[in-house]
Amino acid sequence: MSLLFNMSESPSVHIPYPWQQDSWQKLQLQVVKNKIPHALLLAGQKGIGKWHFAEALADYLLCLSPKAELACGQCRGCQLLLANSHPDKQIFIPEGVGKLLKIEQVRQLSTFVGKTAQQGGRKIVILGPVEQLNINAANALLKNLEEPAGDTVLILVSHVASAVMATIRSRCQMVPLLTPDKTIATTWLKELQIDNAAALLHLSGGAPLIAKAMLEGDDLEHLQTFITTLLSLSQRPPAASHIAVAKDWLGIGLSQIIAWWLQIIHGMLVYSFNDSNGSLKNKDNINTTTNSITSEMDRLLASGYRFNRQWLLKFSDKLILLRQQQLQGANPNMPLLIDELLLDWQVIVGRS
Ligand SMILES: [Zn+2]
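Residues numbered from 1 in each chain as written. Predicted model: local features only at pLDDT ≥ 70, side-chain atom pairs only at ≥ 80, totals over all residues. Heavy atoms only, no water.

Undergrad: How should the side chain of Ser316 be read in this particular structure?
TA: Relative to the assigned elements, Ser316 resides in helix α14 (residues 309-327). Ignoring sequence-local partners within four residues, the contact set of Ser316 consists of Leu262 and Ile265. (Helix = DSSP H or I, 4+ residues; strand = E, 2+ residues; numbered from the N terminus. Contact = heavy atoms within 4.5 Å.)

Undergrad: Before we go on, may I ask you to explain the layout of surface pockets in this structure?
TA: Over the atoms rolls a probe the size of a water molecule, and its path tells where empty space is left. As a volume, the second largest pocket reaches approximately 320 Å³. Together, 20 residues line the second largest pocket, and Trp19, Asp22, Ser23, Pro176 and Leu178 are the ones closest to its centre. Element by element, the count of residues in the lining of the second largest pocket is highest for helix α1 (residues 21-32), at six residues. A class-by-class count of the residues in the lining of the second largest pocket yields 11 nonpolar, six polar and three charged. (1 Å grid on protein atoms, 1.4 Å probe; cavity = no way out; pocket = protein on both sides within 12 Å on 5 of 7 lines; lining within 4 Å. Points joined across faces, edges and corners; volume = space filled by probe spheres on them. Nonpolar A, V, L, I, M, F, W, Y, C, P; charged D, E, K, R; others polar.)

Undergrad: Would you mind going over the pattern of salt bridges with me for this structure?
TA: Pairing is possible between side chains of opposite charge, provided their charged atoms come close. In the structure shown here, the tally under the stated rule is six salt bridges. In this structure, Asp151 engages Lys123 in a salt bridge whose closest nitrogen and oxygen atoms are separated by 3.1 Å. With Asp151 in the loop between α5 (135-146) and β4 (152-158) and Lys123 in strand β3 (residues 123-127), this pair connects stretches of sequence that are 28 residues apart. Note on Asp151: relative accessible area 27%, which makes it partly exposed. Put simply, Glu146 and Arg171 hold a salt bridge, and the shortest N to O gap is 3.4 Å. You can see Glu146 sitting in helix α5 and its partner Arg171 sitting in the loop between α6 (166-169) and β5 (173-176), a full 25 residues away along the chain. Among the residues examined, Glu146 registers a relative accessible area of 41% and is labelled partly exposed. Among the ionic contacts, a cluster of salt bridges with common partners joins Lys318, Glu340 and Asp344. (Salt bridge = Lys/Arg side-chain N within 4 Å of Asp/Glu carboxyl O. Buried < 20%, exposed > 50% of the residue type's maximum accessible area, 1.4 Å probe, protein only.)

Undergrad: Looking at this model, I keep getting lost on the environment of Val245. Mind explaining?
TA: Inspection of the secondary structure assignment puts Val245 in helix α11 (residues 242-249). Here Val245 falls in the buried class, since its relative accessible area comes to 2%. As for Val245 and Leu233, which are separated by 12 residues in sequence, their C-alpha atoms are 9.2 Å apart. Contacts of Val245, omitting those with residues within four sequence positions, involve Thr229, Leu233, Ala240 and Leu342.

The values are spatial; any link to function lies outside them.
In structure tokens form, the structure reads like this:
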């Protein structure tokens, strides 16, 4: 692996993560050949560093004298970036958790794109998650993609590319960013002094930034609640009533519930196909808390072979639809919805 991707070389500007090297080199080559398109769509699982990659690309495109494959960290462009005051870079994100990107924001984007670059180089826009554009904002963005300004690069970021309007997708160069190899991600986490790295990565569906964040908030505790209750509902007869569960889950938040449930269904299907090699079992040195969650997670995934795959897939489709509705601002009655999902789940586990 190139030394360029070690953290020490240029700590100030954004440096792509080790697992992003291939994607970075391809894009970097496009920049050198002056063939970078006016719009890119960085797509991949949540928690693998797409936003960081977008920032690294913005740094590189605005640096006045890039060194080898990265922004130099010293020129006037880099200094403005490091001070968060580069006039030719703008970022658009939803104005709060669970909010949508609004048309006013895309209007600001259009105004910015219409101006001349103040530093004489390119202008860079980073916008995401694209699937959280409301419909009017998405249509307004489409106009910018249809009539690109020559000196602007739009870097769009999406966790769920399938939920992005096809007309937006088709006007961007798709840059798929893959979930990192387990060994690379574990090494990266261990370098941050996270000693139960493998277990956390396992619980995070392979997304290293989610694994890292799990240590900071309530996520581990919530995940424990989530897995334990699913396990107890999977027993015959169920060891918990779904009404009691629904109350326990209210604090978790719908988007997190959907994400974990999809992760678990996917894991169950993988497990049921690869049962013999025990590939999902985690035998790393892990602390007691994560150990108990990982073993429960493994038990849950291993129980999946008893369930009808068609029913699991049907439930997964329902969750994906719910996620799309939520991305578009739906605000369902949470206790009722959780109750409904748990009833569905009991039908699935009861039909095994
Ligand atoms: Zn520079």
